[in-house]
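Structural overview for review
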Protein chains: 2
Amino acid sequence: MTQMINSKFKLEKSDDLIFMTASRAKKAIEKYGKDNVIDSTLGTLFDENEKFVALDTVYDTLKYMDKDLIASYAPISGTNEFIQSVIKICFEEHKPDAYISASATIGGTGAIRNIILTYTDEDDYVICPNWYWPPYKPITTENNRNFLTYELLDTNYKFNIEEFEKALDKSLENRQRVVAIFNTPANNPTGFSIDDDSWDKILEIIKEKAKDDTNKITILIDAAYMEFAGNGEQKKFLEKFSNLKENILVTIAYSMSKSFTAYGLRTGASIAISSSKEVIEEFEYSQNTLNRCTWSNGVHSAMNVLVELTNNKETNKAYRKEIQEYRELLRKRAKIFEEISKEIGLNILPYFGGFFITVLCKNPKEVAKKLEDKNLFIIPNERGLRFAVCAVKLAKCKKAPYLIKETIDQING
Amino acid sequence: MTQMINSKFKLEKSDDLIFMTASRAKKAIEKYGKDNVIDSTLGTLFDENEKFVALDTVYDTLKYMDKDLIASYAPISGTNEFIQSVIKICFEEHKPDAYISASATIGGTGAIRNIILTYTDEDDYVICPNWYWPPYKPITTENNRNFLTYELLDTNYKFNIEEFEKALDKSLENRQRVVAIFNTPANNPTGFSIDDDSWDKILEIIKEKAKDDTNKITILIDAAYMEFAGNGEQKKFLEKFSNLKENILVTIAYSMSKSFTAYGLRTGASIAISSSKEVIEEFEYSQNTLNRCTWSNGVHSAMNVLVELTNNKETNKAYRKEIQEYRELLRKRAKIFEEISKEIGLNILPYFGGFFITVLCKNPKEVAKKLEDKNLFIIPNERGLRFAVCAVKLAKCKKAPYLIKETIDQING
């Protein structure tokens, strides 16, 4: 046949694992009934009635929004109000002493993609711990950058600072730019957060490399789950990005998907923190150009929702209450899953918040397949299984560890 | 200073001409009153009360949509219903005899970008008539493709088939792939549509080049203004894309922005037409990969609006009535502008529909600047002025040609 697509296209012909598994779970629910199926596939929030959660404060604001404010274009970088508000709600009282700017994007994905494309040249490295959200890799490699992973945890289940340093060293051999992704707090798929001590060590190493002015190091924090990782104190590490040398840039991929249950409204922001005003201006122009050349404008209505929920005291209070309720629910679910896992010897990675817990096991694909026979649907990865506390109600979080343990023992002996 | 952005970034540091001019118009309105200002800047529809138009059928559907259908993720290529519906509403009864598929995108921009990236290699050419929507160029060049324009019209104000052939020849010298953009029907900024005879000639030339199996030729139709260019008959040319050789691919960048007054909801589709099933499968996989690596999913609520308005007979009828009303309004405004222009000797390009009419003149920037002193705000381009019939009410469409003619005479003597 004639290949019409370009010669360098790295086609990913696989069907989407998560959506395929979710559709099998749906069929099982139709056949066996809701009570007999555990659906731990999707990364979206479900309540204790197993109903999809769409926050009232978000969708009431949208329902009563003037239709002109939904229909009309937002400026390419986002409305000024959105830019100011996203910075306000992202940092709260933990703003670093630095210049900060933001630009609207299509979802967290759009921010991650824009930042990688802006701050690396072709063949440069993007480095990332080895427990990561799978799309990081094709975002990097389809754009002709190298993707290099390193071990996330040391033997004490702390951030593996040595392996990070090795990866950073390798990425700067004969090269000038690197983007280091940290999906924290509340990593997907593990629920792990980098603690403040580890952040100090990370910054120490980066500052050392940045003594060489030709090195240009960009930190990229994927903050998708930040609102579900604590009561505000989880943002304290952001203060550490004060007064860094101008060849160290800190960026944040902000997403409304989880924090506003606005997955389908596709709105996020790329945020930049720098001690140099010029670097921030360069950021603004580059994001504007990339937006224009990729999707033009962002979703106006979602921007307006964020502005309203950030600045209107009453709605902000109601919104925070809703978020807190679900954060506590996630914590309860995770706690029971952790406790039972410990009790029965199921090996899980440390959880600090967010939508997922990871179970370590051999032959994860086989285990996941076998679990489907028992009507538990779960996403396997290279070294384990991703259990979605966001999607599974308490009673089933109690039941799941036993099923998983039993199945791992069956498969791996 | 340290340049943090990558070394190949072609930064566009200019502020957005259209939004800047629009903001000056807004200030003039505040100062002199609505009645004394003609604002022909934005490419959005305003009614005879000079109010922004957001179609009732679209925004009522959104207002009463189940919030879960707004909040949740759509699949990466769009929901199946959206894919089927966008094909249905785009072609109506003018489907060619071919395999057809579609993939959701972020706006028309996202579709244009995806198609260019998929069907050209680096350094290949994207060719386009010289009256074009300005972002085509940076979308092409920021992605390291070459942008080549050719004269749109011949001396009879018909599509310039000879210049098209020259551009196509040049683009295939020592290269295998080319994307040829046609912003038709109802080109931005001229309102020009390629007629059926010209389409026959275009296809004849392309078929000749496609005899060489190594040539892979992609037609990209930017159909942003298609619904405002006729009563259905303007889609007849789509039938011509039947039974083409498999190294000729026809693609459409479909946009909800204008046809649903859904600019701020950022939803469109890339559509592919081919006689080869494999080429269409390749299209589906490649669009899925590009979506995943750029913005992940599309805007679920907008997809649902299109599905409802396409398939629910009653809402579809109401929607068609709304569209027809505004199409006729545009035609009335354009007609009066054309008639007066002819009468007073203002040189305009042929208008067949859409949001804009182009006035030809020398020194367009100076003319536009001088017009602002007379409170007429208009967008200059390289060879003329873009008058927005979409944004200017009838009474002002009557007044504008005189002001423009007078000012051109003042500047150019």
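Data block above holds the structure.
Here's a quick rundown of the structure.

What follows is about the sheet that holds strand 5 (residues 177-182) of chain B. All names here are of chain B. Across the sheet, 7 strands lie side by side as 2-8-7-6-5-3-4; this open sheet has mixed pairing. Edge positions in the sheet fall to strand 2 (99-105) and strand 4 (146-150), since each has one partner strand and no second. For this sheet, the mean angle separating the axes of adjacent strands, direction not counted, is 20°. As defined by bridge partners, strand 3 (residues 125-129) adjoins strand 5 across 3 bridges and the pair is classed as parallel. Paired with V126 across the bridge in strand 5 is V179. The sheet contacts of helix 5 (residues 107-119) involve strand 2, strand 3, strand 5, strand 6 (216-222), strand 7 (248-255) and strand 8 (268-274), and relative to strand 7 the element is tilted by about 160°. Sitting on the sheet, helix 8 (residues 196-209) touches strand 5, strand 6 and strand 7, and the angle it makes with strand 6 is about 155°.

So, on to the nonpolar core. Judged by nonpolar contacts, the single largest core of 230 residues is most densely connected at F164, F241 and I404 of chain A together with F164, F241 and I404 of chain B. If we ignore the near neighbours within four places in the chain, the residues touching F164 of chain B are I127, Y150, F159, A180, F182, I202, I205 and I206 of chain B.

Moving on: the side chain of T105 of chain A. All names here are of chain A. Relative to the assigned elements, T105 resides in strand 2 (residues 99-105). The exposure class of T105 is buried, given its relative accessible area of 1%. Reaching out from T105, the side chain makes a polar contact with the backbone oxygen of G107 at a distance of 2.9 Å. Of the polar contacts made by the side chain of T105, one reaches the backbone nitrogen of A269; its length is 3.1 Å. Once residues within four sequence positions are removed from consideration, T105 is found in contact with G110, A111, N114, R266, T267, G268, A269, S270 and W295.

Turning to the relation of the copies chain A and chain B, a few remarks are in order. Once chain A has been moved 0.0 Å along the axis and rotated by 180°, it coincides with chain B to within an RMSD of 0.0 Å. Look at the turn and shift together and you get a two-fold axis relating the two. Across chain A, the smallest distance between a C-alpha and the rotation axis is recorded for K63 of chain A, namely 2.8 Å. A share of 99% of interface residues in chain A that are also interface residues in chain B marks the association as one of identical surfaces.

Moving on to the interface of chain A and chain B. Listed as interface residues are 81 residues of chain A and, on the opposing side, 80 residues of chain B. Buried area between chain A and chain B, both sides added, is near 6800 Å², and the carbon and sulfur share of it is 61%. Taken together, chain A and chain B are joined by 2 salt bridges. Across the salt bridge formed by K67 of chain B and D56 of chain A, the nearest N and O atoms sit 2.6 Å from each other. Where chain A meets chain B, there are 39 residue pairs in polar contact (both at pLDDT 80 or more).

All names here are of chain A. Applying the stated criterion across every chain yields a total of 44 aromatic pairs over all chains. On the basis of an interplanar angle of 55° and a centroid distance of 5.6 Å, the ring pair of F164 and F182 is categorised as tilted. Here F164 is found in helix 7 (residues 161-172), whereas its partner F182 is found in strand 5 (residues 177-182), with 18 residues between them in sequence. The rings of Y150, F159, F164, F182, W199, F237 and F241 are connected pair by pair, giving a single aromatic cluster. Here the guanidinium or amino end of R386 rests over the ring plane of F356, the centre of that ring lying 3.8 Å away.

Quick look at the pattern of salt bridges now. Going through the model one piece at a time under the given rule, you end up with 42 salt bridges over all chains. The salt bridge partner of D200 of chain A is K240 of chain A, with a shortest N-O separation of 2.9 Å. Highlighted residues: D200 of chain A in helix 8 (residues 196-209) and K240 of chain A in the loop between strand 6 (216-222) and strand 7 (248-255), separated in sequence by 40 residues. Judged by its relative accessible area of 36%, D200 of chain A falls in the partly exposed class. Here K240 of chain A falls in the partly exposed class, since its relative accessible area comes to 25%. E239 of chain B is paired through a salt bridge with K236 of chain B; the nearest N and O atoms lie 3.5 Å apart. The exposure class of K236 of chain B is partly exposed, given its relative accessible area of 41%.

Cut-offs and rules
Residues numbered from 1 in each chain as written. Chains lettered and ligands numbered in written order. Predicted model: local features only at pLDDT ≥ 70, side-chain atom pairs only at ≥ 80, totals over all residues. Heavy atoms only, no water. Pairing = 2+ DSSP bridges. Helix = DSSP H or I, 4+ residues; strand = E, 2+ residues; numbered from the N terminus. Axes fitted to C-alpha atoms, helices over the stretch in contact; angles between N-to-C directions. Contact = heavy atoms within 4.5 Å. Core = buried A, V, L, I, M, F, W, Y, C linked by side-chain atoms within 4.5 Å. Buried < 20%, exposed > 50% of the residue type's maximum accessible area, 1.4 Å probe, protein only. Polar contact = N/O pair within 3.5 Å; in protein donor to acceptor, adjacent residues only side chain to side chain. Least-squares fit on C-alpha atoms with pLDDT ≥ 70 in both. Buried area = accessible area lost by both parts, 1.4 Å probe. Salt bridge = Lys/Arg side-chain N within 4 Å of Asp/Glu carboxyl O. Phe/Tyr/Trp six-rings, centres within 6.5 Å; stacked < 30°, edge-to-face > 60°. Lys NZ or Arg CZ within 6 Å of the ring centre and 35° of its normal.

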